[in-house]
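Working through the structure, step by step
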Amino acid sequence: MTRHFLRDDDLSPAEQREVLELALAFRDDRFIRTPLAGPRAVAVIFDKPTLRTQVSFATGIAELGGFPLTVDGTLARIGVRESVADTARVLGRQAAAVVWRTHAQARIEEMAAHAGVPVVNALTDDFHPCQVLADLTTVAQHRGGVAALAGTTLAFVGDGANNMAHSYLLGGATAGLHVRVGCPVGAAPDPAVVTRAAEVAATTGGSVRVVHDLAGAVAGADVVATDTWVSMGQEDVGPEREAQLVPFRLDAAALALAAPDALVLHCLPAYRGKEITAEVLDGPQSVVWDEAENRLHAQKALLSFLLERR
Ligand code: NVA
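This report concerns the structure included in the present document. (Residues numbered from 1 in each chain as written. Predicted model: local features only at pLDDT ≥ 70, side-chain atom pairs only at ≥ 80, totals over all residues.)

1. Digging into unusual backbone geometry
The peptide bond linking glycine 38 to proline 39 adopts the cis configuration, its omega dihedral lying at -5°. By the secondary structure assignment, proline 39 is in the loop between helix H1 (13-28) and strand S1 (41-46). The omega torsion of the bond from leucine 268 to proline 269 falls at 0°, within 30 degrees of zero and hence cis. Take proline 269: it is sitting in the loop between strand S9 (263-266) and helix H12 (278-281). With a phi close to 115°, leucine 123 is a non-glycine residue in the positive phi region. With respect to the element layout, leucine 123 can be found in the loop between strand S4 (119-121) and helix H6 (129-142). For leucine 268, which is not a glycine, the phi torsion comes out positive at approximately 70°. (Helix = DSSP H or I, 4+ residues; strand = E, 2+ residues; numbered from the N terminus.)

2. Brief notes about the nonpolar core
If you look at the biggest cluster of nonpolar residues, it comprises 98 residues, and the most contacted ones within it are Ala97, Val98, Val99, Leu169, Ala197, Val224 and Leu302. Broken down by element, this core gets its largest block of residues, eight residues, from helix H13 (residues 288-308). A domain-level breakdown of this core finds at least three residues from each of domain 1 (4-127 + 294-309) and domain 2 (131-291). When near neighbours in sequence (up to four residues on either side) are disregarded, valine 224 contacts Ala155, Val218, Leu250, Leu255, Ala258, Ala262 and Val264. (Core = buried A, V, L, I, M, F, W, Y, C linked by C-beta atoms within 7 Å. Buried ≥ 20, exposed ≤ 12 C-beta atoms within 10 Å, placed from the backbone. Domains from an automatic or database assignment. Contact = placed C-beta atoms within 7 Å.)

3. A short note on the site of the ligand
Around the ligand lies a shell formed by Leu123, His128, Asn162, Asn163, Met164, Asp227, Thr228, Ser231, Met232 and Cys267. Here the shell around the ligand is composed, by residue class, of four nonpolar, five polar and one charged. (Near = placed C-beta within 6 Å. Nonpolar A, V, L, I, M, F, W, Y, C, P; charged D, E, K, R; others polar.)

4. Structural notes on the sheet that holds S4
Strands sit in the order S2-S1-S3-S4 across an open sheet of four strands; the sheet is parallel. For this open sheet the edge positions go to strand S2 (67-72) and S4, each flanked by a neighbour on one side alone. Recorded for the sheet is a direction-independent mean angle of 20° between the axes of neighbouring strands. Sheet analysis places S1 next to strand S3 (residues 97-101), joined by five bridges and oriented parallel. For valine 44, the partnering residue across the bridge sits in S3 and is valine 99. Each of S3 and S4 is contacted by helix H5 (residues 105-115), which is oriented at about 165° to S4, the strand it contacts most. (Pairing = 2+ DSSP bridges. Axes fitted to C-alpha atoms, helices over the stretch in contact; angles between N-to-C directions.)

Here it is in structure tokens:
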């Protein structure tokens, strides 16, 4: 059966551990596996802006022995010029896998239903699961390995309704983390995602909690994460949104509430002085550059896993 990675809970806890162990192995030796040798092509399609995702997938696919076939979604106009299903059928006849950054989650689900090859979510409006695999790799790297992840408390503060919050909830629960989301009442996660994350957490020993004060989320946390207040596609939000989010800014006072050695994560791009201060982003507890590098290792591990499971 063709496996896809459309949302964080598409990997079982054991499968996620396998992928994270392989990501750490790729950190040590970038050329241990070449499942795309040939080279076979992987289509990497962008309907939204990108830097890290394009660079890390292109580099990773090349390092796996393959050919990264980057497609500009504004030229392909998938779903306008041609249906998602027909595009999937064409891509699946030629590429070994499809990686897609797009808008609605339903689009990538439709791609997966028709491609016949693994489809990977490189960010949708609802989830950014590759980023959370990289983030878990980063915590494992700094905290004694994959086995040390379970029981770790991760606080995400800011826009709780966005793709990162959703992926921390689902991916964190899969890893057995205690995930706390601190967000305004008007920017809370999708209740269906919270419910699903709680179900997963019940099987892994983790937990999930959504609170509407920063201190309630961050107090004693081992890892503190945030993300932009204005996600791609939301650029026309008004100033009242920023006013709502200011109390959830990750600054030095907020970080001081966490464990003394808490790690700071940010998927980038970061807006210093908005969701995070320069002092915290560029400070000694920040591991954001490891996190950016780990996109490469985690996605290589994920692609290897999906291609070898076919
Ligand atoms: N929430 C952000 C993540 C960027 C990597 C966005 O969707 O724009």
